[in-house]
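Chain by chain, the residues:
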Amino acid sequence: MTNIAVFASGTGSNAVNLVKAFNSGNRIHVALCLTDKENAPVIEKMKDLGVETIFFPRSVWKEEPQVILDILRSHDISVIALAGFLCFLSDEIVNAYEGKILNIHPSLLPAYGGKGMHGANVHKAVIEAGDLKSGATVHIVTSEIDAGPIVVQKEVAVLPDDTPESLEAKVHEVEYQAFPEAIMKIVASLTPPAIPKSVDDAWAEALGVPNNVPPIPKNDNINQTGPTSPTSLTGQTAPTGPTASISPTAPTSTTSMALTKEGMPPTYLVWSVIMTILCCTIPGIVAIINSAQVSSKFYQGDIEGASRASRNAEIWIIVSFVLGVISNTLYIPLALAGLF
Ligand code: GRF
């Protein structure tokens, strides 16, 4: 489980959306909300959702960043999400969580970013400029405002009758997709790696039996390194921890192996195989193909593709099961009637 903190100053619809997206699962958990506004509506909303929420006045954010860092560490926070947070983050906090602080901005950065560009100001400027599209950007926070590497960007069309308010509502809708997606990417790229299991190990685990196959000899092309800082998907520095990377001499992919099983959607491989054997073969095989794609896509950093393959595998398992039940139900009475 990866704990994240949300920093927010306003209404907090993005903060609420993150809690709803993550807190019923077992991979990412919004464990803390910090605010710089004593009466911000986000406070009550987060408390209602059971998220610990603490107000710190601006003076603490500016002059005592160590107090903030202590609270983050005491909650084992790995990633910070700025969801409408209007207070400037001190260098101590940005450096301590380098590459692990994400901000959501209501425009297609680098357009309409920087000082003074927030909320209604952005949407007003987009409409006044006559732009045909706008959108939302999630980026890594650096010491320069709205200028860090972009992680996810989503567009919306700006229509002739749009007002700053209607545009804001449209942008909010894409923000609710963009922010969880970006957080999943960062969490997947930061988690200390697990060397993917061999097929034998996966079967042994699924069947609950020990795998007596002797360990595969160490491949010289795979470098195990110590507690250094691997480069994440975004080109930012990831947290410390052992890493595995494929050296340039590796025969196939040179993709970083910083992605891990943490955060990977279920593969349903065992169910796919069971359905293929016991129920309907063809949909079962389609389920197996999709199951196999979950981990390969995930380790390539294609989180969306992995989730899609996982969902498809689930659907084909159900199809195989239903067809299997139908055909067996028809077969038994016909066999009893002596027709087979
Ligand atoms: C969002 O539009 C976000 O892009 C910006 O501030 C707004 C916060 O909205 N940084 P909410 O408080 O999450 O509703």
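In short, a report on the structure. Bear in mind the structure is a predicted one, so any value in this text is a computation, not a measurement.

## Brief notes about the nonpolar core
Counting 31 residues, the largest nonpolar core has L18, V30, V42, M46, L102, F179 and I183 as the members making the most contacts within it. Top contributing element to this core by residue count: helix α7 (residues 164-190), with seven residues. Those residues within four positions of V30 in sequence are excluded, and the remaining contacts are I4, V6, L18, V19, N23, M46 and V51. In terms of nonpolar packing, the next biggest core, distinct from the first, is built from 23 residues, A31, V60, F85 and Y97 among them.

## Section: helix α6 (residues 120-128)
Because an α-helix packs 3.6 residues into every turn, residues spaced three or four apart end up facing the same way. Three or more residues of α6 are buried, namely V122, H123, A125 and V126. Buried residues along α6 cover an arc of 160° about the axis, so they all sit on one side. Tucked inside the fold, the buried residues of α6 contact β5 (101-105), β6 (133-140) and α7.

## Quick word on the pattern of salt bridges
Scanning the entire structure with this criterion turns up four salt bridges. Among the salt bridges present, the one from E155 reaches K133, with a minimum N-O distance of 3.2 Å. Of the two residues, E155 sits in strand β7 (residues 150-157) while K133 sits in strand β6, which places them 22 residues apart along the sequence. When the shortest N-O distance is used, the salt bridge between K170 and D162 registers 2.5 Å. Assessed through its relative accessible area of 24%, K170 is described here as partly exposed.

Conventions adopted
- Residues numbered from 1 in each chain as written.
- Predicted model: local features only at pLDDT ≥ 70, side-chain atom pairs only at ≥ 80, totals over all residues.
- Heavy atoms only, no water.
- Core = buried A, V, L, I, M, F, W, Y, C linked by side-chain atoms within 4.5 Å.
- Buried < 20%, exposed > 50% of the residue type's maximum accessible area, 1.4 Å probe, protein only.
- Helix = DSSP H or I, 4+ residues; strand = E, 2+ residues; numbered from the N terminus.
- Contact = heavy atoms within 4.5 Å.
- Arc of directions from axis to C-beta.
- Salt bridge = Lys/Arg side-chain N within 4 Å of Asp/Glu carboxyl O.

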